[in-house]
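If you want the building blocks of each chain, they are given just below.
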Amino acid sequence: SGSLKGLEYDKDKFLSYSPSADDLWFKFVTLRNGFTTRSVTKKNIHFITIPDTQSFSLRQSNLDDNKNDIQLKSIIYIYPEIKEILFEEYLTINR
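In short, a report on the structure. (Residues numbered from 1 in each chain as written. Predicted model: local features only at pLDDT ≥ 70, side-chain atom pairs only at ≥ 80, totals over all residues. Heavy atoms only, no water.)

Side note on the packing of helix 2 (residues 22-32) against helix 4 (residues 67-78)
Inclusion rule: Here an axis means a line fitted to C-alpha atoms, over the contact stretch when the element is a helix, while the angle between two N-to-C directions is reported on a 0 to 180 degree scale. In DSSP terms, a helix is any run of H or I states spanning at least four residues, a strand is any run of E spanning at least two, and both are numbered starting from the N terminus. Here is the rule for angles: anything less than 35 degrees is roughly parallel, anything more than 145 is roughly antiparallel, 65 through 115 is roughly perpendicular, and the remaining ranges are oblique. Definitions for this section: a left-handed crossing has its near helix turned counterclockwise from the far helix by less than a right angle. A right-handed crossing has that turn clockwise. Contacts are assigned to residue pairs that have any heavy atoms within 4.5 Å of one another. Lys, Arg, Asp and Glu make up the charged group, whereas Ala, Val, Leu, Ile, Met, Phe, Trp, Tyr, Cys and Pro make up the nonpolar group; the residues left over, Gly among them, are polar.
Across the interface, helix 2 lies against helix 4 with an axial gap of 10 Å and an inter-helix angle of 30 degrees. The angle between the axes of helix 2 and helix 4 places the two elements in the roughly parallel class. Considering how the two elements wind past one another, helix 2 and helix 4 form a crossing that is right-handed. Two secondary-structure elements touch here, helix 2 through Leu24, Trp25 and Phe28 and helix 4 through Asn68, Gln71, Leu72, Ile75 and Ile78. Each residue belonging to the contact of helix 2 with helix 4 can be placed in one class, and the counts come to 6 nonpolar, 2 polar and no charged.

Right, here's the structure in full:
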């Protein structure tokens, strides 16, 4: 549909600036291509955790260690125009 157009050309940038935040990278790519996203449900879906499998997790790294913030700042640094697009989307959603 075009929402992920150009994704294959940015592989090196993704691996350099957002290697463990593919959700942020996909959000960035869709916004850059003029698409907005919405949650399908009103509540977050929480999946069952398999015991003894979470000694390292993206949740721990990205949320607890603030790596999501660091990677989002990196995306905005290399594509500063995305900051305004994110702000406009935020205003649209929260009217």
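Here we look at the environment of Thr36
Counting through the fold element by element, Thr36 comes out in the loop between helix 2 and helix 3 (58-64). Between the alpha carbons of Thr36 and Leu86 there is a distance of 9.6 Å; along the sequence they are 50 residues apart. Residues in contact with Thr36, not counting those within four places in the same chain, are Leu31 and Glu89.

Thoughts on unusual backbone geometry
Heads up, the condition is: A 1.4 Å probe rolled over the protein chains alone gives each residue an accessible area, and that area as a share of the maximum for its type sets the label: buried under 20%, exposed over 50%, partly exposed in between.
Non-glycine residue Asp52 carries a positive phi angle of around 65 degrees. By secondary structure assignment, the location of Asp52 is in the loop between helix 2 and helix 3. Its relative accessible area of 83% is what places Asp52 among the exposed residues.

Thoughts on the packing of aromatic side chains
As a reminder of what qualifies: What counts as a ring pair is set by centres within 6.5 Å for rings of Phe, Tyr and Trp (its six-membered ring), and what kind of pair is set by the plane angle: stacked under 30 degrees, edge-to-face over 60, tilted for all other angles. Geometrically, a lysine NZ or arginine CZ counts as sitting over a ring once it is within 6 Å of the ring centre and also within 35 degrees of the ring normal.
Tallied over the full model, the rule gives 4 aromatic pairs. A ring pair is formed by Trp25 and Phe28, whose centres lie 5.0 Å apart and whose planes are at 55 degrees; its orientation type is tilted. A residue pair is termed a helical-turn pair when its members lie 3 or 4 positions apart in one helix, as Trp25 and Phe28 do in helix 2 at 3 residues. For the pair Trp25 and Phe28, one class covers both residues: buried. Consider the rings of Phe28 and Tyr79, whose centres lie 4.6 Å apart with planes at 35 degrees: the pair is tilted. Here the residue Phe28 occupies a position in helix 2, and Tyr79 occupies one in the loop between helix 4 and helix 5 (81-93), the gap between them amounting to 51 residues. The class for Tyr79 is buried, based on a relative accessible area of 10%. Here the guanidinium or amino end of Arg32 rests over the ring plane of Tyr79, the centre of that ring lying 5.6 Å away.

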